[in-house]
Amino acid sequence: MLFLTISCGGNKNDQTTGGNIKVGESFSSLSVLNDRQNDNGLVSIGKFGDAWPGKVTQIKESENEIKFTLAKGAVHKYPGYDGYKLVMVRLESESGEEVAVVYRSKEKN
């Protein structure tokens, strides 16, 4: 199953870049992605799926809370992060499996 979302002005929270990560960029493992996000001032707070390597298909950024829906329809919401930047990075593995990783800023904005 292929799931790809790139927004072109529809939802202001959907991005084609997040820090220095871009849609279409590939990561060989979760640790490589986490290292990059850590360098961008973000820490991982959640993960769905575990299929690597993966290519970034969507980046969603928000403040205070973030909500997104996985390809199979499960809705996930991370409320209660007042003052923090939140970022969801969605990837697709070479086998077509979805991976989503949620980050928050290390510091409050």
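A quick note: this is a predicted structure, and the numbers were derived from the prediction, not measured. (Residues numbered from 1 in each chain as written. Predicted model: local features only at pLDDT ≥ 70, side-chain atom pairs only at ≥ 80, totals over all residues. Heavy atoms only, no water.)

**Remarks on the overall build of the chain**
- Scanning the chain for helices and strands turns up one helix and eight strands.
- Counting across all 109 residues of the chain, residues that qualify as buried make up 37%.
- Sequence-distant contacts in the chain: of pairs separated by 6 or more residues, those separated by 24 or more amount to 61%.
- When the accessible area of the chain is evaluated, it comes to approximately 5900 Å², of which 46% is carbon and sulfur surface. (Helix = DSSP H or I, 4+ residues; strand = E, 2+ residues; numbered from the N terminus. Buried < 20%, exposed > 50% of the residue type's maximum accessible area, 1.4 Å probe, protein only. Contact = heavy atoms within 4.5 Å. Areas by Shrake-Rupley, 256 points an atom, 1.4 Å probe, with all protein chains shown as cover.)

**Here we look at helix H1 (residues 30-39)**
- Restricting attention to buried positions, one finds in H1 the residues Leu-30, Leu-33 and Gln-37. When H1 is viewed along its axis, its buried side chains cluster within an angular range of 65° and face the same direction.
- Of the residues trailing H1, Gly-41 is marked for its positive phi of about 85°. (Arc of directions from axis to C-beta.)

**Points about the pattern of salt bridges**
- Taken as a whole and assessed by the stated rule, the structure comprises five salt bridges.
- Between Asp-50 and Lys-47 there is a salt bridge, with the nearest N and O atoms lying 3.8 Å from each other.
- Of the charged contacts in the structure, one is a salt bridge between Arg-90 and Glu-98, with a shortest N-O distance of 2.4 Å.
- By relative accessible area, which is 22% here, Glu-98 ends up partly exposed. (Salt bridge = Lys/Arg side-chain N within 4 Å of Asp/Glu carboxyl O.)

**Remarks on the pairing of strand S6 (residues 54-69)**
- Where strand S4 (residues 26-27) meets S6, two bridges bridge the pair, whose relative direction is antiparallel. In the sheet register, Phe-27 faces S6, and the bridge partner there is Gly-54.
- Between S6 and strand S7 (residues 75-93), which pair antiparallel in sequence order, lie five residues; one of them, Gly-73, sits at a positive phi of approximately 100°. (Pairing = 2+ DSSP bridges.)

**A closer look at the environment of Pro-53**
- You can see Pro-53 is positioned in the loop between strand S5 (42-48) and S6.
- When its relative accessible area of 30% is taken as the criterion, Pro-53 is described as partly exposed.
- Separated by 23 residues in sequence, Pro-53 and Leu-30 have C-alpha atoms that sit 8.5 Å apart.
- With residues near it in sequence (within four places) discarded, Pro-53 still touches Phe-27, Ser-28, Glu-92, Ser-93 and Glu-94.

**A closer look at the environment of Leu-33**
- Along the chain, Leu-33 falls in helix H1.
- Classification of Leu-33 by relative accessible area gives buried; the value is 0%.
- In this structure the C-alpha to C-alpha distance between Leu-33 and Ile-21, which are 12 residues apart in sequence, comes to 8.9 Å.
- With residues up to four places along the chain from it excluded, the contact list for Leu-33 reads Ile-21, Phe-27, Trp-52, Leu-91, Val-101 and Tyr-103.

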